[in-house]
Amino acid sequence: MHTLLFLSTRVLHVVLAGAWLGAAMLQALFLLPSVQELGLGGAPVLATLVRRGVVKYMASIGGLTVLTGVALFYRFSGHFDPEMSASRAGMAFSVGGLLGLIALILGGSMVGGSAKKLVTLGDRLARLPEGAERAALLVTMDGLRAKMLTFARVVVGLLVIAMAAMALGHYI
């Protein structure tokens, strides 16, 4: 029974990691650059994505990937045995896990957080008349869109390196 649980956890971890990386790449390479290129015209697209749960989805698959990874590392390392954790494989899995955790944190705080703020500011902008306050809000929104795109790309880079470390962990 332990073997079945381990194999199920491993399959779940790999499937979740693939879904997370794929979704992150779609966002970083296509969706967010389109939203940024469209400026105010991209606001309804971003608002729809947020309303439909893209931030929660990314947090869920990222969080579950990290949790299943911790469970797998616990088993692999003999309950976090320092000697096993210091092996080459243990270090590769540790680096991959740390990068995945950093990607989760940055994705949630910088990408997801910026998306939510942009939606809120977009709603506020729709009620503002022309003037200095509206102009300042537009500048803030441009900065948030740029930050969101930059960190989405950083998250993709972290996830690619994490997945490479995990893929190679058993073989180094």
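One can find the structure itself at the top, above this paragraph.
Summarised in this report is the structure supplied together with it. Just so we're clear, the structure is a prediction, and the values are computed from it rather than from any experiment.

1. Quick look at the pattern of salt bridges
- The final tally for this structure, using the stated rule, is 3 salt bridges.
- Linking Asp142 and Arg145 is a salt bridge whose minimum nitrogen-to-oxygen distance equals 2.3 Å. Here the residue Asp142 and the residue Arg145 both occupy positions in helix 6 (residues 132-168), the gap between them amounting to 3 residues, near one helical turn.

2. Looking at unusual backbone geometry
- Phi is positive for His79, which is not a glycine, with a value near 65 degrees.
- Residue placement: His79 occurs in the loop between helix 3 (54-76) and helix 4 (82-85).
- Of note, Phe80 is a non-glycine position whose phi angle comes to about 65 degrees, a positive value.
- Of note, Phe80 is situated in the loop between helix 3 and helix 4.
- Residue Phe80 is classed as partly exposed on the basis of its relative accessible area, which comes to 42%.

3. Remarks on the packing of aromatic side chains
- This structure, assessed with the given rule, holds 4 aromatic pairs.
- Residues Phe73 and Phe76 carry aromatic rings whose centres are separated by 6.3 Å and whose planes lie at 35 degrees to one another, so their mutual orientation is tilted. Within this pair, Phe73 and its partner Phe76 are both found in helix 3, separated by 3 residues, close to a single helical turn.
- For Phe76, a relative accessible area of 22% puts it in the partly exposed group.
- Considering the side-chain rings of Phe76 and Phe93, the 5.0 Å spacing of their centres and the 85 degrees angle between planes classify their relative orientation as edge-to-face. Note that Phe76 is positioned in helix 3 and Phe93 in helix 5 (residues 88-126), a separation of 17 residues in sequence.
- Grouping aromatic residues by their ring pairs yields a cluster made of Phe73, Tyr74, Phe76, Phe80 and Phe93.

Cut-offs and rules
Residues numbered from 1 in each chain as written. Predicted model: local features only at pLDDT ≥ 70, side-chain atom pairs only at ≥ 80, totals over all residues. Heavy atoms only, no water. Salt bridge = Lys/Arg side-chain N within 4 Å of Asp/Glu carboxyl O. Helix = DSSP H or I, 4+ residues; strand = E, 2+ residues; numbered from the N terminus. Buried < 20%, exposed > 50% of the residue type's maximum accessible area, 1.4 Å probe, protein only. Phe/Tyr/Trp six-rings, centres within 6.5 Å; stacked < 30°, edge-to-face > 60°.

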